[in-house]
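# Descriptive analysis of the structure
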Amino acid sequence: NTYTTGTANSRQSFFISAIDPTIAYAWGTNVWRSSNVNNYNLAAGTSGISWTQISSFNKTILDVKISPVDNNVMYALGDNATVYKSINATGGAPAFSSIPLPAGASSSVDGSLTISTLNPNVLYATANNAVYRSSNAGATWTDYTATGLPGINFQKIFIDPYSSIESVYLITTL
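Conventions adopted
- Residues numbered from 1 in each chain as written.
- Predicted model: local features only at pLDDT ≥ 70, side-chain atom pairs only at ≥ 80, totals over all residues.
- Heavy atoms only, no water.
- Buried < 20%, exposed > 50% of the residue type's maximum accessible area, 1.4 Å probe, protein only.
- Helix = DSSP H or I, 4+ residues; strand = E, 2+ residues; numbered from the N terminus.
- Salt bridge = Lys/Arg side-chain N within 4 Å of Asp/Glu carboxyl O.
- 1 Å grid on protein atoms, 1.4 Å probe; cavity = no way out; pocket = protein on both sides within 12 Å on 5 of 7 lines; lining within 4 Å.
- Points joined across faces, edges and corners; volume = space filled by probe spheres on them.

## Here we look at the pairing of strand β11 (residues 111–115)
Within β11, 5 of the 5 residues are buried, which leaves the element mostly enclosed by the surrounding structure. Burial of β11 is two-sided: the residues G111, L113 and I115 facing one way and the residues S112 and T114 facing the other way are all buried.

Now the structure itself:
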């Protein structure tokens, strides 16, 4: 069973939960979830994998992350500089709240999210050439762009999961 529904953009992505390897997420213009992604028999070439659309954003989704400690907490970054947050992402009908990035943020080209493994309330988001940090699960954001970063697009942001400090890495479009 191949996930193909609702992926009209070229940014479709996919990941399997590190907390529960039976759960996977895929996104394009919305977010889809499989709760049985491990239901594939390679030897027989059969699949019982099913996908459920869990959002109705109808926006290009640039990145999706789940909390490193709770599969129910999910963040999705839209191309409208909005972070969509769910606290029941594995439920039957997940609800999402909209959290805008600070005024002036634009994520129409590139954008990425990451969540701290040291503190799951700490999030980072990139939106084109800006970097934002939240220390309260997205309720408020601080613009970290003015810390001497070059004015180039940041495609991805990562936190080192093995670091004892908040080591953040950016991938750029030089």
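## Thoughts on the pattern of salt bridges
Applying the stated criterion across every chain yields a total of 3 salt bridges. Among the ionic pairs, K156 bridges to D63, the shortest N-O distance being 3.8 Å. Placement of K156 in strand β15 (residues 154–159) and of D63 in strand β7 (residues 61–66) is noted, with a sequence separation of 93 residues between them. Given a relative accessible area of 26%, K156 falls into the partly exposed group. Owing to a relative accessible area of 1%, D63 belongs among the buried residues under this scheme. For E166, the salt bridge identified is with R133, shortest N-O distance 2.9 Å. One end of the pair, E166, is in the loop between β15 and β16 (168–172); the other, R133, is in strand β13 (residues 130–134), and 33 residues separate them in sequence. By relative accessible area, R133 is classed as buried at 18%. Here the salt bridges share partners, and the residues they tie into one network are D63, K65 and K156.

## Brief notes about the layout of surface pockets
What the largest pocket holds in volume is close to 370 Å³. Around the largest pocket, the lining comprises 16 residues; the ones closest to its centre are K65, I66, P68, I115 and T117. For the lining of the largest pocket, the elements supplying multiple residues, two or more each, are β1 (13–16), β7, β11 and β15. The element that contributes the greatest number of residues to the lining of the largest pocket is β7, accounting for 3 residues.

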